[in-house]
Amino acid sequence: MGRHPLSLVMVVLAIMLLPYGYTWKEYRIRRSIDLSAANPLISDTKLPTDLVPSGYSLHLHPVLDRSIFSGRVNITLLCAKATNQINLHAHHDLTVDELELEVVRIGGAEDGAKVPIRRVDRVPKKPLLVIYFHDALTAGAAYEVRLRFVGNIWENVEGIFEGKYKQQQQQQSTGPSEAAGTESEGVTEPEEHSFIGTYFRPHHARRVFPCFDEPSYKVPFNVSIVRPRTHHVLFNTALERTVETGDGKHVIDVFKQTAPMSTFTFGFLVSDLQQVTPSLSDEKEDERLKPTIRVWARRDFQKNVADVQQRVKLALRKLQEYWGVPLPLEKLDVVALPGFSYVKPADNWGLIVFKESELMRGYYNLAQELVYQWLGSWITPHWWSDAHVNKAIAGFLSADTAIKIDGGDEFEGKYPMTILYSIYYEFSKRYPHSRITAMKQETTCSKTELVLRMLNYTLGEATFRRGLQRFIQHREYKTFYGEDVWEALTKQAHLDQRLCESVTVNDVVNSWITKDRIPMVRVVRSYANRTATVTQRLYLRERPHDVPEQDKMLWWIPLVVVRQDRLNFGNVSTIRWMKQVREVTLDELPGPDEFIIVNPEEIGPFPVNYDERNWNLLATFLQKEESRTMIPVYTRAKLLHDAWNLAYAGDLSFGTAFNMTLFMKYERNHLVWNPVFTLIDHIGRHIDMSAVHKKFEMYVRTLLTPLYEELVGNQQESEEMWKANLRSLAKNFLCRAGYKPCIEEAQRAFKKWMDSPDPDAGNPVANQFICPVFKWGTREEWEFGLQRVINFPESRVKSERTYLLKTLAGCPSQPFKIDRLLNIMVLEDNGNFTDNDISLIFKMLSGGSSGYSTLFNFLKNNWDAIKLRFKDRESLWDNMINSATGLFTTQEGYDMVSQLYVQHQGEFGTAEHIIEKSLKNIKEETKWSDENLPVIEQWLDHFLASNGVADQKFLG
C-alpha cells in the first residue's frame, strides 16, 4: 500500500554517489522512503471491535478563500458486542460539535429513537473521540452516529490541503485592430488559481471527519461536496447530480455511492483544472474500454501530458491481462496537479493525483498507481503490517509492465540492479538500518520485491501469474493478510507441479523476509569428480564478522546453474533447492576447463563465490570479444560486482577480483560499468593513505581512459541518456585521478572567473570544474576560491557558498591548502565562518586521507589553542575528534592516534568515547590493510608492467 523505487534502497550510498554523476533517480528508481505506507510498526490507536461501520453519509463544504471546511457525517453501525461507548478516530485539529452530536437506533421497533448520551470525551494525546452512554448498546442492533464538525485547511499534504498556481490569461481576440498592437501590449499578468485536495494515506481521514480510520473497515460512502461555480469537483465516483445552494456563488455536487472502500482511499479535488481533450481515436476506444480515462491539467501544461491518456490505457490493458479481471471502476481520473509536494501520488479509488513531473514520461509510475487500484483500493491489506507485501507486488508488477510495453526505457536497464545493490550494501553491514529507521521498512519492501522476482523465475512466469490471480479471486472489496499471497502461490505451484507437495512458498519467503540479512553462497568444485560442494552462510561485508547467532541463519535458496558446455541463459530452471540446510552437493558438472555460473541474471538476491579456478576460467572467457557477449549484461555485471564485494569482505583474494576487471578494457555497456565506479570509490577511499594508492590511481586511469576517449569521440547531439551519464562518470573519476585534459579544461573555465571585473557578483564556472581546480590547481586558484567565500555577498544564493566551502575543504590533496583553511576558521576564529561552517569542514575533511591526516596534525600541533577555542562548543569538539581520528586504516595511523590518546588521556572530555571507538575501528581496518594491501600491490605492479603504462597525461 506504499510506494515503490527509484528506488531503498540505500539512501546513504545514493547520497555518497550523487557528486560522481549518479542521479537520485538512477540509484533509487522512485524508491521513495514512504514510512507511513510501509511501516509495519506504524504508530496508531486501533479501535475496539464492538462496533462495525456499515456506511457513511458525508457532506463537506470546503471554503477556498478562508482555508476552512465544515461538514456533517452520519455513520451507520452494527453493534457486534454489547458496549456502553462508541470510539471514533478524530484528529485534535478537527473540532466536533458535541452539543449537536446524536446517536439514534436504526430499524426495529425503536427505529429513530435517540440513545441518551452520558458524555463525550476527546482522549488526550490520542486521535480519539469517545461517546459514552448511560446504558449499553444492544448486540445485533444497528445505530447511526450523527456529527457536525469544522476544521482548517493547511498547505501541508496531510488530510485536506490547499494550493495555488499561476497561468497566463487566455486572450480573446476583439478584431483586426488588436493584432496591430505591439507584442508587449498583448502580454498580461498571470492569473492565480486555487485548489483544495485530500491525501488520506495512511490514516489522515480523521483530520477531515470522524471515522473508523483503519484499512480493514471497507464500507460504501454517500458523499456531497460544496464547490464554487468557477470550479469542479473530482471524487472517487462519477457525478450523479448538482444541486443549487441559493447563494448564486456555490453549488452542491452529489456523487454516486462508492463501492465498499477504506477511509484512506477516499479522495477529492476541488479545482478549475481542465480536462485534456482526447483524440478522436481515443474517444472511440473509450466506448469500448472501462473505466473511462480522464486526464486533467492546467491549460499551460496540457501539451506535456497529451499522451498520458494513451499511456494509461496501454498500462491498464496490460494489467487487466495480467490479473485476468477488469478494474471495477466506471471512471478513472488522472490529475497533473501543479505544486503537489508529497513524495508519492495520492492514489485514491478512481482518482489518482500526480506531481506534474511524474506524468512526463514512462510507464512505471502510471502502472504502479494502477496496480494500487487493484491491490490497495479494491483489495486491501488488513493492517499496515501487511503493506510491505502489497508494495512489493506493486513494485514488481509495475516494473514488469513497463518492461513489457517499451523495454523499460525509463530504467535505462538498471532495474532491478539498483534495488539489488542497495540491498547488498545495507544487509551486509554489522548493524543494518542503524542510522535511518525508515530504511528498515523500505529495504523490507525492496527485498520482498526481489523475492517475488525470484519466485517468478523459479515457479515459472505462468504459474506465478496464475497464483496471483488465484489470490485476488473472491476477495473483491475485501481485505487480505500477507500470508494469503503466499498460500495462493503455493496452491498454484502444487497444482502446476512446480513445487513438491511437502514444500510451501511460505517456507521459502519467510526465510528471506523475516530477517534483515541476505546469504552468500560459496561453490567449491571438485574438478576430478565433476561435483561441487555448495554452502550458504550470512553475507557480511563490514568487519568484524561478529554478528550474533549467524550460524543459525539459513535460507531457502534456489540453485540455478549455467555451464560453459551448454551455455543457455534462457533456461532458468532450479536444479536444486537449498532447503535451509548449510550444504548440498551438485553432480554431473562440466569438465575441468569449463566454468559454471550459479544464480545467473541475479535470479535470487544473493552473491556467489567460487573457487579460484572457476573465477579464472570466467575471467579468461570474458576477455575474449567473441565469447564475452555470450554472457548476458546482467550476469557480467553480477560477476564483477560479486567478485569485488567478496574481496572487500575478505572472502576472495583481491588478485582474483582484479582479474575479473580485465575484460572491462573491451566492455562498453553502462550496466556493467555502473558497479565499477562504486567499487573504485570504495576501494580507493580504503587504501587512500597507503603507498599503493598511487598505483591504484594509475590502474584506474588505464581502465577509464579508453572508455572516456571513445565516448567523447563518438559524442552526438542526440544520444541516449546512459551514454551522457557514463561519459560524465568516467570524466569525473579521471579528473579525480589527475587526467591532464580534464584539469586544463577546468582551469581554463576557472580563469574566466578569476579575470572577471567583479568576481563576487556570481560564479560563472560549472560545478564539475571546481573540484579539479581546487585539487590539482595552484595555490593562487585555491586562494581565489577562499576569498570568494569570505567576501560572499548576502544577496546571493547561500547554497553556492556552501558548495564552494565544501570543495575548498574536501577536494585539495595538498596539506598546505587545508592547513590555511583550518587556521583561518579555527585559530583565527574568523567572523565570516559559523559553527555550522566549521562542522561542515570537519565532515568534508573526513572524505580522504589528505583531509583527515592534515586535520589530525593540526589538532596535535595546536591542542591547547583548539581546546580553548572549543571550551564551550562540545559539538564542534566531538566532530573534530571524530573526523581527525576515525578514518585511519593502517598501523601507522593507529600508532599516531594511540600516541595522541596517551599523550592527552583524560583531556578529551565529551569525546573520550569517540577516540576509544576510533582506536578500535582502526585496529580492525589495519587487519584488512595488512591482509590485502600486499596482494593489491603485487597485482597492480604486474598489471602496470604488462601494460607498459605511460603517465604523461596525468598529474600527481
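As the structure is a computational prediction, the values presented were derived from the model and not from experiment. (Residues numbered from 1 in each chain as written. Predicted model: local features only at pLDDT ≥ 70, side-chain atom pairs only at ≥ 80, totals over all residues. Heavy atoms only, no water.)

A.B. asks: Talk me through the overall build of the chain; I want residue IDs and the actual numbers.
C.D. replies: Of the regular secondary structure elements, the chain holds 31 helices and 30 strands. For 956 residues, the compact-globule formula gives about 30 Å, and the C-alpha radius of gyration of the chain, at 32 Å, lands near that figure. Expressed along its principal axes, the backbone C-alpha trace of the chain runs to roughly 95 × 75 × 75 Å. Expressed as a percentage of its 956 residues, the buried residues of the chain come to 57%. Within the structure as shown, the chain displays about 39,300 Å² of accessible surface, and the carbon and sulfur contribution to it stands at 49%. A gap of 2 Å separates the mean positions of the 113 positive and 121 negative side-chain charges of the chain. (Helix = DSSP H or I, 4+ residues; strand = E, 2+ residues; numbered from the N terminus. Rg over C-alpha atoms; globule rule 2.2 N^0.38 Å. Buried < 20%, exposed > 50% of the residue type's maximum accessible area, 1.4 Å probe, protein only. Areas by Shrake-Rupley, 256 points an atom, 1.4 Å probe, with all protein chains shown as cover. Lys, Arg positive; Asp, Glu negative; His and termini not counted. Charge placed at Lys NZ, Arg CZ, Asp CG, Glu CD.)

A.B. asks: Pulling in residues and values, what's your account of the packing of aromatic side chains?
C.D. replies: All told, the structure shown has 52 aromatic pairs when counted by the stated rule. Aromatic side chains tyrosine 199 and phenylalanine 340 sit 6.4 Å apart centroid to centroid with 35° between the ring planes, which places their arrangement in the tilted category. Of this pair, tyrosine 199 sits in strand β10 (residues 191-199) while phenylalanine 340 sits in the loop between β18 (331-337) and β19 (346-348), and the two are 141 residues apart along the sequence. Note on phenylalanine 221 and phenylalanine 266: the rings are 5.4 Å apart at their centroids and 55° apart in plane angle, and the pair reads as tilted. Of this pair, phenylalanine 221 sits in strand β11 (residues 221-228) while phenylalanine 266 sits in the loop between β14 (250-255) and β15 (268-271), and the two are 45 residues apart along the sequence. An aromatic cluster is built from Trp644, Tyr648, Phe654, Phe658, Phe696, Tyr699, Trp928, Trp939 and Phe943, whose rings are joined through pairwise contacts. Directly above the ring of tyrosine 132 sits arginine 119, whose terminal nitrogen or CZ lies 4.0 Å from the centroid. Taking NZ or CZ as reference, arginine 541 lies 4.1 Å from the ring centre of tyrosine 648, over its face. (Phe/Tyr/Trp six-rings, centres within 6.5 Å; stacked < 30°, edge-to-face > 60°. Lys NZ or Arg CZ within 6 Å of the ring centre and 35° of its normal.)

A.B. asks: How would you sum up the side chain of aspartate 484? Please name residues and give values.
C.D. replies: Of note, aspartate 484 is situated in helix α12 (residues 482-495). Owing to a relative accessible area of 16%, aspartate 484 belongs among the buried residues under this scheme. Excluding anything up to four places from it in sequence, aspartate 484 contacts Phe471 and Arg475. (Contact = heavy atoms within 4.5 Å.)

A.B. asks: Pulling in residues and values, what's your account of the packing of helix α29 (residues 874-885) against helix α31 (residues 912-946)?
C.D. replies: At a closest axis distance of 9 Å, the pairing of α29 and α31 adopts a crossing angle of 15°. On the basis of their axis angle, the class for α29 and α31 is roughly parallel. As for how α29 packs across α31, the hand of that crossing is right-handed. Note on element contacts: α31 touches α29 through Ile914, Ile915, Ser918 and Ile922, opposite Asp878, Ile881, Asn882 and Thr885. Of the residues contributing to the contact of α29 with α31, the split by class is four nonpolar, three polar and one charged. (Axes fitted to C-alpha atoms, helices over the stretch in contact; angles between N-to-C directions. Parallel < 35°, antiparallel > 145°, perpendicular 65-115°, else oblique. Left-handed = near helix turned anticlockwise from the far one by under 90°. Nonpolar A, V, L, I, M, F, W, Y, C, P; charged D, E, K, R; others polar.)

A.B. asks: Can you lay out the confidence of the model for the chain for me, pointing to particular residues and giving the numbers?
C.D. replies: Averaged over every residue, the pLDDT of the chain is 88; residues scoring 70 or more account for 91%. Considering only residues more than four positions removed or in separate chains, one finds that residues 1-41, a stretch of pLDDT under 50, has 167 contacts. (pLDDT = per-residue confidence, 0-100.)

A.B. asks: Can you break down the sheet that holds strand β20 (residues 351-355) residue by residue, with the values?
C.D. replies: Here we have five strands laid out as an open sheet, ordered β16-β17-β18-β20-β19, and mixed in their pairing. The two strands at the open ends of the sheet, each matched to only one other strand, are β16 (274-275) and β19. Both β16 and strand β17 (residues 292-297) contribute to a ladder of two bridges, which runs antiparallel. By the bridge assignment for β17, glutamine 274 is matched with alanine 297. Across the face of the sheet, helix α6 (residues 308-323) comes into contact with β17 and β18 while running at roughly 145° to β17. Along the sheet face, helix α7 (residues 364-374) touches β18, β19 and β20 and points at about 150° away from the line of β20. (Pairing = 2+ DSSP bridges.)

A.B. asks: Before we move on, could you go through the UniProt feature "active site" (unreviewed entry) in the chain and cite the residues and values that matter?
C.D. replies: In this numbering, the UniProt entry assigns the feature "active site" (unreviewed entry) to Glu369. Mapped onto the secondary structure, glutamate 369 falls in helix α7. (UniProt positions renumbered as here; feature names shortened; annotations may be inferred.)

A.B. asks: Describe the state of the cysteines, listing the residues and the values that go with them.
C.D. replies: Disulfide: a covalent bond formed between the sulfur atoms of two cysteine residues. The final tally for this structure, using the stated rule, is two disulfides. A sulfur-sulfur separation of 2.0 Å characterises the disulfide bridge that pairs cysteine 771 with cysteine 811. Here the disulfide of cysteine 771 and cysteine 811 is left-handed, its torsion about the S-S bond being about -115°. Of this pair, cysteine 771 sits in helix α22 (residues 767-776) while cysteine 811 sits in the loop between α24 (798-810) and α25 (815-827), and the two are 40 residues apart along the sequence. With a relative accessible area of 27%, cysteine 771 lands in the partly exposed category. Residue class for cysteine 811 comes out buried when judged on its relative accessible area of 9%. (Disulfide = S-S within 2.5 Å.)

A.B. asks: Talk me through the environment of glutamate 240; I want residue IDs and the actual numbers.
C.D. replies: Mapped onto the fold, glutamate 240 is located in strand β13 (residues 239-244). Overall, the relative accessible area of 47% leaves glutamate 240 in the partly exposed class. The spatial distance from the C-alpha of glutamate 240 to the C-alpha of leucine 51 is 31 Å, given a sequence separation of 189 residues. Setting aside anything within four residues of it in sequence, one finds glutamate 240 in contact with Val254, Phe255 and Lys256. Side-chain polar atoms of glutamate 240 contact the side chain of arginine 241, separated by 2.9 Å. (Polar contact = N/O pair within 3.5 Å; in protein donor to acceptor, adjacent residues only side chain to side chain.)

A.B. asks: I'd like a rundown of the packing of α6 against helix α11 (residues 461-472), residues and numbers included.
C.D. replies: One way to put it is that α6 packs onto α11 with a least axis distance of 8 Å and a crossing angle of 85°. Comparing the axis directions of α6 and α11 gives the class roughly perpendicular. The segment α6 lies against α11, with Glu321, Tyr322 and Trp323 engaging Phe464, Arg465, Leu468, Gln469 and Ile472. Looking at the contact of α6 with α11, its residues break down into five nonpolar, one polar and two charged.

A.B. asks: I'd like a description of the pattern of salt bridges, backed by residues and values.
C.D. replies: Per the stated rule, a full pass over the model turns up 52 salt bridges. In this structure, glutamate 412 engages lysine 414 in a salt bridge whose closest nitrogen and oxygen atoms are separated by 3.8 Å. Each member of the pair, glutamate 412 as well as lysine 414, is classed as buried. Look at the salt bridges and you will find they share partners, linking Glu102, Lys114, Glu144 and Arg146 into a network. (Salt bridge = Lys/Arg side-chain N within 4 Å of Asp/Glu carboxyl O.)

A.B. asks: Any chance you could break down the environment of aspartate 837 for me, citing the residues and the numbers?
C.D. replies: With respect to the helices and strands, the residue aspartate 837 is situated in helix α26 (residues 835-845). Each C-alpha atom, one on aspartate 837 and one on isoleucine 293, is 52 Å from the other, the two residues being 544 residues apart in sequence. With residues up to four places along the chain from it excluded, the contact list for aspartate 837 reads Arg801, Leu805, Met825 and Asn832.

A.B. asks: Hey, could you go over the sheet that holds strand β30 (residues 608-610) for me, with residue numbers and the actual values?
C.D. replies: Reading across the sheet, the four strands line up as β28-β24-β23-β30 and stay open at both edges, with mixed pairing between neighbours. Each edge of the sheet is formed by a strand with only one pairing partner; in this case those strands are β28 (583-586) and β30. Each adjacent strand pair in this sheet contributes to an overall mean axis angle of 25°, direction not counted. Of the pairings in the sheet, the one linking strand β23 (residues 519-526) to β30 comprises three bridges and is parallel in character.

A.B. asks: Tell me what's going on with the pairing of strand β3 (residues 83-89), and back it up with residues and numbers.
C.D. replies: When you tally the buried positions in β3, you get five out of seven residues, the bulk of the element. As judged from the six bridges shared by β3 and strand β7 (residues 128-137), these two strands associate in the antiparallel manner. Across the sheet, the residue bridging to glutamine 85 is tyrosine 132, located in β7.

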